[in-house]
4 protein chains.
Amino acid sequence: MNQVQKNLLIKEVLHMGEMASGAALTVPVYRLKGQGSGPGVYIQANMHGAEVQGNAVIYQLLELLQGLTLLGNITLVPYANPVGCNHKNGEYTLGRFDPITGVNWNRMYHFNEQQIPEFSEQHQASSIEVIEQAFRELLLADIADKLDHNVFGLTTGQRIAYQLQKMAHKADLVLDLHTGPISSKHLYCPEYAIDSARYFDIPHTIVIPNSFDGAMDEATFCPWWTLQQAFGELGRELDFNKESFTVELGSQEQIDLDVAYQDALSILSYLQYKGVIADASFQPQAMTRYACYLKDYKAFYSPMGGMVDYLATFGEPLAAGEPIARILRMDNYGDGDALHYLSLDRPVIPILHFASASVNQGTELYKVFCEYFEL
Amino acid sequence: MNQVQKNLLIKEVLHMGEMASGAALTVPVYRLKGQGSGPGVYIQANMHGAEVQGNAVIYQLLELLQGLTLLGNITLVPYANPVGCNHKNGEYTLGRFDPITGVNWNRMYHFNEQQIPEFSEQHQASSIEVIEQAFRELLLADIADKLDHNVFGLTTGQRIAYQLQKMAHKADLVLDLHTGPISSKHLYCPEYAIDSARYFDIPHTIVIPNSFDGAMDEATFCPWWTLQQAFGELGRELDFNKESFTVELGSQEQIDLDVAYQDALSILSYLQYKGVIADASFQPQAMTRYACYLKDYKAFYSPMGGMVDYLATFGEPLAAGEPIARILRMDNYGDGDALHYLSLDRPVIPILHFASASVNQGTELYKVFCEYFEL
Amino acid sequence: MNQVQKNLLIKEVLHMGEMASGAALTVPVYRLKGQGSGPGVYIQANMHGAEVQGNAVIYQLLELLQGLTLLGNITLVPYANPVGCNHKNGEYTLGRFDPITGVNWNRMYHFNEQQIPEFSEQHQASSIEVIEQAFRELLLADIADKLDHNVFGLTTGQRIAYQLQKMAHKADLVLDLHTGPISSKHLYCPEYAIDSARYFDIPHTIVIPNSFDGAMDEATFCPWWTLQQAFGELGRELDFNKESFTVELGSQEQIDLDVAYQDALSILSYLQYKGVIADASFQPQAMTRYACYLKDYKAFYSPMGGMVDYLATFGEPLAAGEPIARILRMDNYGDGDALHYLSLDRPVIPILHFASASVNQGTELYKVFCEYFEL
Amino acid sequence: MNQVQKNLLIKEVLHMGEMASGAALTVPVYRLKGQGSGPGVYIQANMHGAEVQGNAVIYQLLELLQGLTLLGNITLVPYANPVGCNHKNGEYTLGRFDPITGVNWNRMYHFNEQQIPEFSEQHQASSIEVIEQAFRELLLADIADKLDHNVFGLTTGQRIAYQLQKMAHKADLVLDLHTGPISSKHLYCPEYAIDSARYFDIPHTIVIPNSFDGAMDEATFCPWWTLQQAFGELGRELDFNKESFTVELGSQEQIDLDVAYQDALSILSYLQYKGVIADASFQPQAMTRYACYLKDYKAFYSPMGGMVDYLATFGEPLAAGEPIARILRMDNYGDGDALHYLSLDRPVIPILHFASASVNQGTELYKVFCEYFEL
């Protein structure tokens, strides 16, 4: 690639937190400017500390994007949560939740649904451009207010989440790069954007409703979906063309730059489809894609403590009654059952399993698709 | 005390969980039978792992109660959550939430509000005795259903919470013994039961609304309060005389049997007031009691990382602008401010503070009463 | 296999510790009686909490051994350290060291070298049978003394280690089943027993000297080796035929019963070679076996913090200068080196690597054989 | 104090480590220049993460020292170990050992005893000034070599320890500020420097031998003590006037700037005695000072799991048989002993106890002076 053709990369560093010694935790932000004709994109990675592979995907995206024709602006944020990312405990990284409060780092984003009825009535007659700009400003003002006006302060996670959300609200398309514990690739996709799911090289999609539970994807698509519905009730059918996905890249605690390159291609296929990049050579791979609704994405909890031999293969339909795992209980050897085979009473597709063989009674063993269908 | 006069103590052991080695975690349950003329009582301790002092209070209660005249039945459960109680991490006990999921152990109880409208309509003409019995059966059936019919299993915390709740629903008065991190004594009290707060030797009361957030106290009083309101809307004013309190005994990670004896007397004062024990010599101490509403019980988050010298005295009103803490930042010595004084913009009563001097930006430093009033 | 032919399995349960709630932690001990003509064997697993696969190997050994002709007695102890085995922290198991003191669970065994000169002089003229029996009694008395006479008590780990050691000293051959973090199979073998290493289906052997550092293998072979040397200095060449190995089965946090079956066959091959079992069909697999001396088994520490893409393949010689890993540093992207390739200045065989991609500066990245040779 | 009179304070920042996100961990170093007639001093704090009070003492020392007449140079290093200091786990700080390896942060310093015989022979006829300078250079060269020439890298803790040791070796007097868990003030003092212990306002002194175990105090006094002995064997009695102390300031997890001011005065009393500062007004407080030898400083381990009510008062002699603690075992209530009183078989002075009431069997409950004597 010719150095001259490279798109200009702008780097900023955000202050995200301070530790006990006063050490600052910062986050690098990379911006690529597009020609203005395509939607804006926001991509972040590593909100959960152990889910590091997204950083490698952002590396590969940056390498690739600098040589492509960009129609929209793209912002990329690796190490989005440096508190979680640096929270080693023993050999592993314990960054799914604030270690002091237990609150999931990806449940601290903000959405104030109450503002919408008033807003939609106020803009009943506005053009979609005016509505879009005004609503975006409302979302941004709301976040600015949370960041700036807080007599009693912000939690560690709110300070991080709100700063990230401020950047994400400026984009039209949002990708939050996560991983499972030990996991196949899967995608959380808002119901209305299901067509887009086919453009990722990801075989499993969880279809989620318009229900805000604090996550980044929800915090960026729920406002627009809710607004669209509010206008729908007022008789106007609007499409703001906003999409947000949580992209689960595979297993945690792993960096693989070669796999990351494939994942970058998958994201470029989606961005090409949405008109962010001009190069038609980025196309999705042919594959069987399964989906299920969020309500049918079930966690299966261990009926006993023990040591688990995980048997089921990710992504392959498993018939009712087929063993999904077997649990070793050597304390029972000789005078009880030392091996317990576990199965479910319905057909499922196993998507991910727990990161360790050692489980307590009640530990989440597997997450599975029930009532799945081809996409 | 004469051995002959001792009330009969019945002990059971409940299976609460299993660890990876198969080791069973059990909970001892102590029951004292009353004469049947007073309300039933359920007292548990140590739902959060580090909050151990309640076990010592149950010890002292058991010692005292065996020699008293009991009008109602009393069930006492120390070590209510053996998973949390045994979750040492380094020197300390990390038992505020499930270490795998981050979910607070005291947010996993169950209340199905949807059942109430149908129930109240159905029992519009029933006697209060019939209503009470039928509703208690409904609550118990609901919990039994959660425990028994779960294809995908229960989480570690649900299994514990539901078993405890099954016992608590059989009682009329519920005391859940907790502690703060480093803390004064305080009480969470439902709004309608505020008169009872004066019978505990506890100077600070947080008045809580009828809003279920998963805690034991809420799980046991919200159903009855909601039922009462439902009947109110149907024109019947009923009082089921159910009360639940979360009793915060002081600081975590400490056992003090002498202080526990005082706390046991405080609980006996309340039980005497409610007619559970017959001995009128158990009376509350004279003290100034402050209260505030839950919405005015505020957490103050650290505006910076650093090392905290906690200055404010628990329980004493602190004027607006008075220093509540100072934060040492030696990294700034010589070329910045090494000492930062923190204060609030309104009068407060500090109730508890964080357990460690070392804080990140955004760590909860203090919890304080705002808009407090004398009880 | 015919039920009638099964060897008698005797099970005992040892009390190994108590947790804060009083819950007892126990260890199951399985004993199979041999015909008395072969050496005695002691096999334990899971001394380190996350290293669980040895339990599955013991399961498969128990299944197989019950149907074989046993010449010597065999004792098998899964879950040898229930404190470590149950020490979950977040999703993972943190059981390499006592979480309060930091002391490695496998560095708390006992060996009192000072006793040996006196003993050997005393038994200068004794028969080897007398020496062996007297010395075994000395070792056992020494451990009994540590367990029983301790005014100030024992640490959690000493209580466990000494109880295990008491059983191990009664055997002639000791296998301590461990795993690496993410690892190939490898074997720690005392220098004098190197011929035996060829009977395990394990391609990498670390040859260790007669130097006691607190581990189970050392605690059981160093005394006999030292005794042999002491007699050597007195002019008597004795061979007590004692061997101890630390068997590293692969990666931690995993149970795989099928792989465990293969590992059980590998152990049976060794036991057949040593005359513990009579069935000559258990033979080692043909494979290239590499070895290096303990002093040449090197840990390679990360020169920087970052996220690691581990590149080197376990077990394959890696030339000097070839990349062993690359470290991603997204904070440097755009204005520094985002990818750092690491290599070593000499040929090595990578044996294991760290369990997580996220490392601090100074984290152990790899352990490698230097100066390796074919066995 | 007049601004003009203030001694010049020079600040440097050392790079001590990097985390997974690439964030640098740095340490501030403060230097005050003396008139050259007194010994040089090195003071560090917070090598163990939870032991933060020393930072406050350094704050107060800096405030005081800037206005005093300094005869020797003084170097002060707060937050000496930023990895440990920032290693929060839950509410607490887990910084006594490297969380990955378990190695105590204060056991990674370096001392190569083997060099000394050759050195002393070589300098048999040198003047004490030449010996002192040459030996200091040898120590510094040795550390520089450890820092710079390491093909396989350094562990996280070695990199920190060696950088600190490089500064400490340049001084004559070394103070390493620590704390116990919950603890009285005490002092580790080399046997030959016992007279100096009386100049600290610290009532308990542990007298330590010339035995290197990896700690900062040992790493700085053992070389000189060993050198002095080597010259003694050669017939020269030399006194290099080097002293090192580990100063245990009280309990961990606490910052108290007022107490820190008192501790600063105690250190100034010692520095005045040693001729580092000229102001004779800094004098030790009158108090009974107890001491014992390190071999008589005993840890007492819990004979059972349970919840501990610590009874003994720090610093007060406790007679043999008097209760030191009682352990609550509610699981035994009703059918066993719910309260166990613990005592020792000899008179002791309790110095510190464990940080939590919840203990496993084998947890260190207390550390006590045995065979104590007045200083």
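Calculation criteria
- Residues numbered from 1 in each chain as written.
- Chains lettered and ligands numbered in written order.
- Predicted model: local features only at pLDDT ≥ 70, side-chain atom pairs only at ≥ 80, totals over all residues.
- Heavy atoms only, no water.
- Helix = DSSP H or I, 4+ residues; strand = E, 2+ residues; numbered from the N terminus.
- Rg over C-alpha atoms; globule rule 2.2 N^0.38 Å.
- Contact = heavy atoms within 4.5 Å.
- Areas by Shrake-Rupley, 256 points an atom, 1.4 Å probe, with all protein chains shown as cover.
- Lys, Arg positive; Asp, Glu negative; His and termini not counted.
- Charge placed at Lys NZ, Arg CZ, Asp CG, Glu CD.
- Least-squares fit on C-alpha atoms with pLDDT ≥ 70 in both.
- Pairing = 2+ DSSP bridges.
- Axes fitted to C-alpha atoms, helices over the stretch in contact; angles between N-to-C directions.
- Domains from an automatic or database assignment.
- Buried area = accessible area lost by both parts, 1.4 Å probe.
- Salt bridge = Lys/Arg side-chain N within 4 Å of Asp/Glu carboxyl O.
- Polar contact = N/O pair within 3.5 Å; in protein donor to acceptor, adjacent residues only side chain to side chain.
- Nonpolar A, V, L, I, M, F, W, Y, C, P; charged D, E, K, R; others polar.
- UniProt positions renumbered as here; feature names shortened; annotations may be inferred.
- Parallel < 35°, antiparallel > 145°, perpendicular 65-115°, else oblique.
- Left-handed = near helix turned anticlockwise from the far one by under 90°.
- Expected span 1.5 Å × (residues − 1).
- Buried < 20%, exposed > 50% of the residue type's maximum accessible area, 1.4 Å probe, protein only.

Q: For this particular structure, what's the right way to read the overall build of chain A?
A: Within chain A one finds eight helices and 20 strands. The C-alpha radius of gyration of chain A comes to 22 Å, within 12% of the 21 Å expected for a compact globule of 375 residues. Counting only C-alpha atoms, chain A reaches 75 × 50 × 50 Å along its principal axes. At a minimum sequence separation of 6, the contacts of chain A that also span at least 24 residues come to 72%. When the accessible area of chain A is evaluated, it comes to approximately 13100 Å², of which 46% is carbon and sulfur surface. Charged side chains in chain A number 24 positive and 44 negative. The centres of these two groups are separated by 4 Å.

Q: Any chance you could explain the relation of the copies chain D and chain B here in plain terms?
A: Each of the two copies of the chain can be brought onto the other by a rotation about an axis and a shift along it. Superposing chain D onto chain B takes a rotation of 180° plus a shift of 0.0 Å along the axis, which leaves an RMSD of 0.0 Å. As the rotation angle and translation indicate, the two copies are arranged about a two-fold axis. When you check the interface residues of chain D against chain B, 100% turn up at the interface there too, and the contact is symmetric in its surfaces.

Q: What's the story with the sheet that holds strand 10 (residues 204-208) of chain A in this structure? I'm lost.
A: Strands in a sheet are paired, the pairing made by backbone hydrogen bonds, and the direction either parallel or antiparallel. All names here are of chain A. What the 10 strands build is an open sheet, ordered 1-2-4-3-7-11-9-10-12-20; its pairing is mixed. Each of the sheet's edge strands pairs with one partner strand only, and the pair in question is strand 1 (9-18) and strand 20 (373-374). Note: strand 3 (residues 41-45) against strand 7 (residues 173-180), five bridges, orientation parallel. Pairing of Tyr-42 across the sheet is with Val-174, part of strand 7. Strand contacts of helix 5 (residues 156-168): strand 1, strand 2 (24-32), strand 3, strand 4 (74-77) and strand 7, with the helix running at about 155° to strand 1, the strand carrying the most contacts. The sheet strands contacting helix 7 (residues 216-233) are strand 3, strand 7, strand 9 (186-190), strand 10 and strand 11 (243-251), and the helix crosses strand 11 at an angle near 160°.

Q: Please clarify how the relation of the copies chain C and chain B should be interpreted in this entry.
A: Here chain C sits on chain B after a turn of 180° about the axis and a move of 0.0 Å along it, with an RMSD of 0.0 Å. With an isologous cut-off of 70% or more, the 100% of interface residues of chain C that recur at the interface of chain B puts this contact in the isologous class.

Q: Any chance you could explain the domain arrangement of chain A here in plain terms?
A: One frequent convention defines the size of an interface as the accessible area lost when the parts assemble. All names here are of chain A. Domain assignment breaks chain A into domain 1 (9-287) and domain 2 (296-374). Its C-alpha centre places domain 1 at a distance of 32 Å from the equivalent point of domain 2. Each partner contributes to the interface: domain 1 provides 12 residues, whereas domain 2 provides 12 residues. Per-residue buried area on domain 1 facing domain 2 is highest for Pro-181, Ile-182 and His-204; these three make up 49% of the total on that side. The tally of links between domain 1 and domain 2 comes to zero salt bridges. Where domain 1 packs against domain 2, one counts two residue pairs in polar contact (both at pLDDT 80 or more). Those elements that provide at least two residues to the side of domain 1 that touches domain 2 are strand 8 (182-183), strand 9 and strand 10. The leading source of residues in the side of domain 1 that touches domain 2 is strand 10, at four residues.

Q: Please clarify how the interface of chain C and chain B should be interpreted in this entry.
A: In this complex, chain C contributes 15 residues to the contact, which on the side of chain B involves 15 residues. Summed over both partners, the interface of chain C with chain B comes to about 1300 Å²; 61% of that surface belongs to carbon and sulfur atoms. The tally of links from chain C across to chain B stands at zero salt bridges. Along the lines of polarity and charge, the residues of the side of chain C that touches chain B split into eight nonpolar, five polar and two charged.

Q: In this structure, what is going on with the UniProt feature "domain: Succinylglutamate desuccinylase/Aspartoacylase catalytic" (unreviewed entry) in chain A? I would like to understand it.
A: All names here are of chain A. Taking the numbering used here, the UniProt-annotated feature "domain: Succinylglutamate desuccinylase/Aspartoacylase catalytic" (unreviewed entry) corresponds to residues 38-137 and 152-272. Annotated as residues 38-137, this span is 35% helix and 13% strand, and its ends, taken at the C-alpha atoms, are 20 Å apart. Structurally, residues 152-272 comprises 42% helix and 24% strand, and the distance from its first C-alpha atom to its last is 45 Å.

Q: What should I look at first to understand the packing of helix 4 (residues 128-148) of chain B against helix 7 (residues 216-233) of chain B in this one?
A: Each pair of packed helices can be summarised by the angle the axes make with each other and by the distance between the axes. All names here are of chain B. For the pair helix 4 and helix 7, the least separation of the axes is 12 Å and the interaxial angle reads 135°. On the basis of their axis angle, the class for helix 4 and helix 7 is oblique. Seen along the crossing, helix 4 lies across helix 7 with a hand that is right-handed. Contact residues: Ile-131, Glu-132, Phe-135, Arg-136 and Leu-139 in helix 4; Pro-223, Trp-224, Leu-227 and Phe-231 in helix 7. Here the residues of the contact of helix 4 with helix 7 are counted per class, giving seven nonpolar, no polar and two charged.

Q: Looking at this structure, I do not really get the sheet that holds strand 15 (residues 323-328) of chain D. What am I missing?
A: Residue and element names in this part refer to chain D. The strand order across the open sheet formed by four strands is 16-15-14-18, and the pairing between neighbours is antiparallel. This sheet does not close on itself; its edge strands, each paired only once, are strand 16 (339-343) and strand 18 (358-359). The pairing of strand 14 (residues 306-310) with strand 18 spans two bridges and is antiparallel. Paired with Gly-306 across the strands is Val-359, a residue of strand 18.

Q: How should I be thinking about helix 5 (residues 156-168) of chain D in this particular structure?
A: Side chains that are three or four residues apart share a direction in an α-helix, a result of its 3.6 residues per turn. All names here are of chain D. The terminal C-alpha atoms of helix 5 lie 19 Å apart, and with 13 residues this matches the ideal 18 Å at 1.5 Å per residue to within 8%. Where burial is concerned, most of helix 5 is hidden: 11 out of the 13 residues are buried. What helix 5 keeps buried is the set Thr-156, Gly-157, Arg-159, Ile-160, Ala-161, Tyr-162, Gln-163, Leu-164, Gln-165, Met-167 and Ala-168.

Q: Honestly, the side chain of Asp-331 of chain D in this entry has me stumped. Any pointers?
A: Within the element layout of this structure, Asp-331 of chain D appears in the loop between strand 15 and strand 16. Of the polar contacts made by the side chain of Asp-331 of chain D, one reaches the side chain of Arg-329 of chain D; its length is 2.9 Å. Not counting chain neighbours up to four residues away, the residues in contact with Asp-331 of chain D comprise Lys-11, Pro-28, Tyr-30 and Tyr-79 of chain B together with Ser-21 and Gly-22 of chain C.

Q: What should I look at first to understand the interface of chain D and chain B in this one?
A: Each partner contributes to the interface: chain D provides 51 residues, whereas chain B provides 51 residues. In this assembly, chain D packs against chain B so that about 4300 Å² is buried in total across both faces, 60% of it on carbon and sulfur atoms. When the buried surface of chain D facing chain B is broken down by residue, Tyr-92, Met-330 and Tyr-333 of chain D rank first, second and third, together holding 18% of it. Taken together, chain D and chain B are joined by four salt bridges. On inspection of chain D and its partner chain B, the count reaches 32 residue pairs in polar contact (both at pLDDT 80 or more). Elements with a minimum of two residues in the side of chain D that touches chain B: strand 1 (9-18), strand 2 (24-32), helix 1 (53-65), strand 5 (88-89), strand 6 (92-93), helix 8 (257-273), strand 14 and strand 15 of chain D. A per-element tally of the side of chain D that touches chain B places helix 1 of chain D first, with six residues.

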